[in-house]
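Below are the chains, spelled out letter by letter.
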Amino acid sequence: MPEGDTVWLAAQRMNTALAGARLTKGELRVPQLATVDLTGATVTEVVPRGKHMLTRFADGRTLRTHYRMDGSWHIYRKGTPWKGGPAHSIRAILATDEWDCVGYRLHDLRIVPTSGEGELVGHLGPDVLGPDWDLDEALRRLRSHPDEQIGVAVLDQRNLAGIGNLYKVETLFMTRTHPWTRVADVPDLRGLVERARTLMLANRDHPEQSTTGSTRRGEDHWVFGRRGRPCRRCRTPILLGDQGPDTQERVTYWCPSCQAARSPIDPLARTGEPGHPASIAAT
């Protein structure tokens, strides 16, 4: 799933291409918006809000799009072939005299009055990369659910917006935090959140998402995508498990040595128990 920094960078590039321009074509290819024609509308700005992208128009409307697992916006100079996928996967086209912005496999398209954007994104917590970032408010929201697993809590966009699975996994490793630790038991919750934000800020201006400092393939992450491979710190094989409520599970990578469970009452402290998420074989 695209992370908040991916959406942030896409919004900056879309804003550069569209802000102040009049659309020569504004087509939305989803059933609920099939009759909407944005041709002739002037774009005022394109801004990210967590993992949502908001395209605002001078006539007081806003188009919201969301990437979810597989969506993306592609920007092409006028006359350049589109290569983002098959034509049937296109969900939106916003074109000007100079640029074609083409949205592939986008989700949750909605048009609302700009004054009513709150109904779409008002539930989100402080945006990790946004001008509204408020660390204390993010911590307050996280701590309001002290028994939640930290690996679930930091992905809940109602607590803080923008963090996805990659930055969750990497941040927990870098802070030596077991993914199933209760929020209340995290020794330095402030430091954990600040680390996640630091990583995202470091990557937001380019498409590469490195947490190690290297952008070479296979060297860019500490544990993400490295199931069964040796931990870069201690050489213990990296584990992979599912975490989260039923039907909403997300994969979690962690080092059972560097991120050992701290609490004796934590059910994950007894690794090796058959069938337990923490004992999934590193194969």
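Everything discussed here concerns the structure shown above.
So, here's what we can say about the structure.

Parameters at a glance
- Residues numbered from 1 in each chain as written.
- Predicted model: local features only at pLDDT ≥ 70, side-chain atom pairs only at ≥ 80, totals over all residues.
- Heavy atoms only, no water.
- Buried < 20%, exposed > 50% of the residue type's maximum accessible area, 1.4 Å probe, protein only.
- Helix = DSSP H or I, 4+ residues; strand = E, 2+ residues; numbered from the N terminus.
- Arc of directions from axis to C-beta.
- Contact = heavy atoms within 4.5 Å.
- Polar contact = N/O pair within 3.5 Å; in protein donor to acceptor, adjacent residues only side chain to side chain.
- Axes fitted to C-alpha atoms, helices over the stretch in contact; angles between N-to-C directions.
- Parallel < 35°, antiparallel > 145°, perpendicular 65-115°, else oblique.
- Left-handed = near helix turned anticlockwise from the far one by under 90°.
- Nonpolar A, V, L, I, M, F, W, Y, C, P; charged D, E, K, R; others polar.
- Phe/Tyr/Trp six-rings, centres within 6.5 Å; stacked < 30°, edge-to-face > 60°.
- Lys NZ or Arg CZ within 6 Å of the ring centre and 35° of its normal.
- Salt bridge = Lys/Arg side-chain N within 4 Å of Asp/Glu carboxyl O.
- 1 Å grid on protein atoms, 1.4 Å probe; cavity = no way out; pocket = protein on both sides within 12 Å on 5 of 7 lines; lining within 4 Å.
- Points joined across faces, edges and corners; volume = space filled by probe spheres on them.

## Quick look at helix H3 (residues 135–143)
- Among the residues making up H3, those that are buried are Leu135, Ala138, Leu139 and Leu142. The buried residues of H3 all sit within an arc of 95° when viewed along its axis, so they share a single face.
- As for H3, its buried residues are in contact with helix H4 (150–153) and helix H6 (189–203).
- Put simply, Asp134 is the residue that caps the front of H3, since its side-chain oxygen is 3.2 Å from the backbone nitrogen of Asp136.

## So, the packing of H3 against H6
- Running from amino to carboxyl end, H3 crosses H6 at an angle of 120°, the nearest separation of the two axes being 11 Å. One element, H3, and the other, H6, form an angle in the oblique class. As for the relative orientation of H3 and H6, their crossing is right-handed in sense. Where H3 abuts H6, its residues Leu135, Asp136, Leu139, Leu142 and Arg143 lie against Leu189, Arg190, Val193 and Glu194.
- Looking at the contact of H3 with H6, its residues break down into five nonpolar, no polar and four charged.

## With respect to the packing of aromatic side chains
- According to the stated counting rule, one finds four aromatic pairs in the structure shown.
- Centre to centre, the rings of Trp180 and Trp254 are 5.1 Å apart; their planes meet at 70°, and the pair counts as edge-to-face. Residue Trp180 is located in the loop between helix H5 (165–174) and H6, and its partner Trp254 is located in strand S10 (residues 250–254); the two are separated by 74 residues in the primary sequence.
- You can call Trp180 buried: its relative accessible area is 9%.
- A cation sits over an aromatic face here: Arg233 above Phe173, 4.2 Å from the ring centre.

## A few points about the pattern of salt bridges
- One pass over the full model with this rule turns up 16 salt bridges.
- One salt bridge connects Arg56 with Glu45, and the closest N-O pair in it is separated by 2.7 Å. Here Arg56, found in strand S3 (residues 52–57), pairs with Glu45, found in strand S2 (residues 43–49); they are eleven residues apart in sequence, far enough to count as distant.
- Across the pair Glu137 and Arg141 runs a salt bridge, and its minimum N-O distance is 2.8 Å. Residue Glu137 and its partner Arg141 are both found in helix H3; the two are separated by four residues, about one turn of the helix.
- Connected through salt bridges with shared partners, the residues Lys25, Glu27 and Arg29 form a single ionic network.

## So, the layout of surface pockets
- Here the largest pocket is characterised by a volume of approximately 730 Å³.
- At three residues, the largest contribution of residues to the lining of the largest pocket is made by H4.
- In this model, the second largest pocket occupies a volume close to 290 Å³.
- Lining of the second largest pocket is provided by 14 residues; of these, Thr6, Ala10, Arg13, Tyr67 and Trp73 occupy positions nearest its centre.
- Of all elements in the fold, only helix H1 (4–18) and strand S5 (72–77) reach the threshold of two or more residues within the lining of the second largest pocket.
- Residue contributions to the lining of the second largest pocket peak at five residues, all from H1.
- Taken together, the residues of the lining of the second largest pocket break down into nine nonpolar, four polar and one charged.

## Focus on the environment of Asp188
- Summarising the element assignment, Asp188 is placed in the loop between H5 and H6.
- A relative accessible area of 49% places Asp188 in the partly exposed class.
- As a C-alpha pair, Asp188 and Gly84 span 104 residues in sequence and 42 Å in three-dimensional space.

## Here's the deal with the side chain of Thr65
- Position of Thr65 relative to the elements: it lies in strand S4 (residues 61–66).
- Polar side-chain contacts of Thr65 include one of 3.2 Å to the side chain of Trp73.

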